[in-house]
Amino acid sequence: MASTLPDPGPDAEDITTAPPGDRPDARATAPGIEAHGIDHIPDSERRGRPRELFSVWAAANVNYLNLVVGGALVLMGLTLWQALAVLAVGNAFWTLTGLLAVSGPAAGAPSEVVTRALYGVLGNRVNNAVTGWAISVCYFALNLSAAAVAAFSLVEKAGIPANTGVKTVVIVVIAALTLTISVYGHAVIVRLYPVITIALAATFTVVAVSVVRHGDFTYVPTHRLTGIDLWAALLAGVTLIASGPLSYTTSADFSRYLPRTTSKRAVLGFTALGGFLPSMVVCSIGALAATVVDMSEPQSALEQILPRWFTPVFLLALVLGTIAINALTAYSAGLALQAVGLRIRRSVSVLFDGTAAVALTLYALLVSNFLDTVNNVLQLTVVLLGPSTAIYATDIVLRRNRYDGPDLCDESPGSPFWYRRGVNRPGALALLLGATTAALSVDTLYTGPFAAAAGGIDLTLPVGMVVAGGCYALTMRKHIRQGQAEAKA
């Protein structure tokens, strides 16, 4: 497989559109560490094939959190086949993740920079601070919590009591391994993840065989949901599952090193398939397991139906899978922090993200109820993730994926994406309206007025996406067409 690691030589120093924090990064980075941050990737440093994206996303989605949310669907009162239908619909949102990824090769820039076309240079800093950095750190913490739970059990099986001190050390060690991958960056991810994918696939094949042998394919809950209650559970389940692919509004981060001429269909297809297949399989294993064991504590529950000799392997696989997904999350969070305007190296920003995520993880595991935290956070993040994904996807369609990387990297007041006072008002308004209507449609930690009017059905996902995407299309179509006409002239 061809290396995508850029050469931190004289060319990197000539990138005049890169912010000051990136240019030193390109010159003074330790050997093997990715040189580029949010700067434009020149055509001379573009290489690789779109099929590489499959293993990147596959390795990241064979993880403990998918087992948790798959089992949660049955715990919500759904039958097995209702849960599987919800999984298919929710995981179909990986198609949007694939669509956003096509902007990477077109622009030669990460999503955190491409979205300047949506919100303006300054408006996008706010977007990256909230939708990019803050939510990424929350997901990092949730996944780190999931890995830590499995690691705690592994430590106890080794005869070491998992007290608070030991738990803290375990969390820090897992975070350190994760951040090492993130700091070394894109080339290491592309090279390492095919191996991780194979190892995890082999492990979860054994898990799948055990679960299928014990699972109840005719499972129906004692009190079967009907009417409004059923629809409420179905939509809440779709929102829960869709929160996974929607959290990757940063998918262009991992495709931006591909040549500009790379097939858009291939980028979309390999990204979407790499996310959909493992997510669907692992979530389904969690749902099927919930028909015979109590998946409110997934790791200990699955140990009851797995071969005893296999348990340590399974626990190690859970930790490895979570490290894989969190390395991607930390990588993007580091880019988001740079895009906020902080003039620091990408490697430093990644370490800062990790510190914040470790603090949140300690809270989630030592103070809060883990399963409740997962369900609440994943469903509430859709308030922002749904609208932001819809706006990004709409912009790609309206522009026909035509992005000028150097122009996007120009942060000066005279740049094409400065708009008015640094903010693209149609994009900001669309995100505000989408997030507001989505928040009014929530039925999780609170019941919004729209959800109450619908009988307790959580409409966050469809309402937020339709309002945001529709508003953006109506207000930006004319501006984009005028800009493209002027460019041709």
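Predicted model, so just to flag it, every value in this text is computed and none were measured.

### A word on the overall build of the protein
When helices and strands are tallied, the protein shows 22 helices and 0 strands. Counting across all 489 residues of the protein, residues that qualify as buried make up 59%. Relative to all contacts within the protein whose residues are 6 or more apart in sequence, the contacts with residues 24 or more apart total 85%. Summed over all atoms, the accessible surface of the protein reaches about 18700 Å², with 64% contributed by carbon and sulfur.

### Some words on the side chain of Ser 349
Within the element layout of this structure, Ser 349 appears in helix α17 (residues 346-366). For Ser 349, the residues in contact, after removing those within four places along its chain, are Gly 334, Leu 337, Gln 338 and Ile 344.

### Notes on the side chain of Asp 395
Among the secondary structure elements, Asp 395 is positioned in helix α18 (residues 370-399). Excluding residues within four positions of it along the chain, Asp 395 makes contact with Ala 117, Leu 118, Tyr 403, Tyr 472 and Ile 480.

### Quick look at a positive patch on the surface
Residues Lys 264, Arg 400, Arg 402, Arg 477 and Arg 481 make up a contiguous surface patch of positive charge. Following the sequence through the fold, Arg 481 ends up in helix α22 (residues 460-488).

### Regarding a nonpolar patch on the surface
On the surface, a nonpolar cluster with roughly 320 Å² of combined accessible area is contributed by Trp 81, Val 212 and Phe 217. Within the secondary structure, Val 212 sits in helix α12 (residues 186-214).

### What to know about the nonpolar core
One finds Leu 67, Tyr 193, Leu 302 and Phe 314 to be the most contacted residues of the largest nonpolar core, which totals 134 residues. With 17 residues, the top contributor of residues to this core is helix α16 (residues 311-339).

### What to know about helix α13 (residues 227-246)
End to end, α13 covers 28 Å across 20 residues, agreeing with the expected 28 Å (1.5 Å per residue, within 8%). For α13, the tally of buried residues reaches 14 of 20 residues, placing the bulk of the element in the interior.

### Remarks on the pattern of salt bridges
With the rule as written, the count across this model stands at 8 salt bridges. Arg 260 serves as the salt-bridge partner of Asp 43, at 2.9 Å between the closest nitrogen and oxygen. With a gap of 217 residues between them, Asp 43 in the loop between α2 (23-28) and α3 (52-61) and Arg 260 in the loop between α13 and α14 (264-289) connect regions that are remote in the sequence. Measuring nitrogen to oxygen at the nearest pair gives 3.6 Å for the salt bridge that ties Arg 343 to Glu 411. Taken together, the residues span a long stretch of sequence, with Arg 343 in the loop between α16 and α17 and Glu 411 in the loop between α19 (405-409) and α20 (425-439) at a distance of 68 residues. Note on Arg 343: relative accessible area 40%, which makes it partly exposed. Taking the relative accessible area as the measure of exposure, Glu 411 reaches 17% and is therefore buried. Within the structure, one salt-bridge network assembled from shared partners comprises Arg 116, Arg 125, Arg 343 and Glu 411.

### Observations concerning the packing of aromatic side chains
Given two aromatic rings, their pairing is described by the distance between the two centres and the angle made by the two planes. Applying the stated rule across the entire model yields 9 aromatic pairs. Seen from their ring centres, Trp 57 and Phe 254 are 5.6 Å apart, and the 90 degrees between their planes marks the pair as edge-to-face. Here the residue Trp 57 occupies a position in helix α3, and Phe 254 occupies one in the loop between α13 and α14, the gap between them amounting to 197 residues. Both residues of the pair, Trp 57 and Phe 254, belong to the buried class. Among the aromatic residues, those joined into a cluster by ring pairs are Trp 57, Trp 94, Tyr 248, Phe 254 and Tyr 331.

### Here's the deal with unusual backbone geometry
What is expected of a backbone is that most residues other than glycine have negative phi and most peptide bonds are trans. Backbone geometry at Arg 400 places phi at a positive 55 degrees, although glycine is not the residue there. Inspection of the secondary structure assignment puts Arg 400 in the loop between α18 and α19. Overall, Arg 400 belongs to the exposed group, its relative accessible area being 57%. The backbone of Tyr 419 sits at a positive phi, close to 55 degrees, despite the residue not being glycine.

### Re the environment of Ile 325
With respect to the helices and strands, Ile 325 occurs in helix α16. According to the relative accessible area criterion, Ile 325 is buried, its value standing at 8%. For the pair Ile 325 and Asn 63, spaced 262 residues apart in sequence, the C-alpha to C-alpha distance is 7.7 Å. Excluding anything up to four places from it in sequence, Ile 325 contacts Ala 60, Asn 63, Asn 143 and Tyr 248.

### Points about the environment of Gly 483
Relative to the assigned elements, Gly 483 resides in helix α22. Gly 483 sits in the partly exposed class, given a relative accessible area of 35%.

### Digging into the confidence of the model for the protein
Interpretation of this model should avoid reading the predicted coordinates in detail wherever pLDDT is low. Of all residues in the protein, 89% have pLDDT values of 70 or greater, and the mean over the chain is 86. Mean pLDDT across the elements of the protein ranges from a minimum in helix α1 (residues 10-13), with 35, to a maximum in helix α6 (residues 94-101), with 98. Contacts from residues 1-30, a stretch scored under 50 in pLDDT, to residues over four places away or in other chains number 62 contacts.

### Comments concerning the packing of helix α10 (residues 121-157) against α16
As a packed pair, α10 and α16 sit with axes 8 Å apart at the nearest point and diverge in direction by 160 degrees. The orientation of α10 relative to α16 falls into the category roughly antiparallel. Note on packing geometry: the crossing formed by α10 with α16 is left-handed. Looking at the contact of α10 with α16, its residues break down into 19 nonpolar, 9 polar and 2 charged.

Rules of the game
Per chain, residue numbering runs from 1 following the sequence as it is written. Local features in a predicted model are, by the rule used here, given only for residues with pLDDT of at least 70; side-chain atom pairs are given and counted only at 80 or more, and totals for whole chains, interfaces and linings are based on all residues. Hydrogens are left out, water is left out, and the side-chain values use all remaining heavy atoms of the structure. Here a helix means four or more residues in a row that DSSP labels H or I, a strand means two or more in a row labelled E, and each is numbered from the N terminus. For each residue, the accessible area found with a 1.4 Å probe, counting protein chains only, is set against the maximum for its type, and the residue is called buried under 20%, exposed over 50%, and partly exposed in between. A contact between two residues is defined here by any heavy atoms of the two lying within 4.5 Å. All accessible-area figures derive from a Shrake-Rupley calculation using a 1.4 Å probe, and residue coverage is judged against the displayed protein chains alone. Patch membership is restricted to residues that have no salt bridge and whose relative accessible area is over 30%. Joining uses 9 Å for like charges and 5 Å for the nonpolar side chains Val, Leu, Ile, Met, Phe, Trp and Tyr. What makes a salt bridge here is a side-chain nitrogen of Lys or Arg within 4 Å of a carboxyl oxygen of Asp or Glu, nothing more. For the purpose of charge, His is not counted, nor are the chain termini; Lys and Arg are scored as positive and Asp and Glu as negative. To locate a charge, the coordinates of NZ of Lys, CZ of Arg, CG of Asp or CD of Glu are taken. Joining through side-chain atoms within 4.5 Å is the link that ties buried Ala, Val, Leu, Ile, Met, Phe, Trp, Tyr and Cys residues into a set, and such a set is a nonpolar core. Expected span of a helix, by definition, is 1.5 Å for each gap between consecutive residues, and there is one gap fewer than residues. The rule is short: rings of Phe, Tyr and Trp, with Trp giving its six-membered ring, pair when the centres are within 6.5 Å, and they are stacked under 30 degrees, edge-to-face over 60, tilted in between. Residue-level confidence of the predictor, termed pLDDT, takes values from 0 up to 100. Each axis is a line fitted through C-alpha atoms, and for a helix only the stretch in contact is used; angles between axes span 0 to 180 degrees, taken between their N-to-C directions. Working definition: roughly parallel below 35 degrees, roughly antiparallel above 145 degrees, roughly perpendicular at 65 to 115 degrees, and oblique for all remaining angles. Take the far helix as your reference; a near helix turned counterclockwise from it by less than a right angle gives a left-handed crossing, and one turned clockwise gives a right-handed crossing. Amino acids are sorted into nonpolar (Ala, Val, Leu, Ile, Met, Phe, Trp, Tyr, Cys and Pro), charged (Asp, Glu, Lys and Arg) and polar (every other residue, Gly among them).

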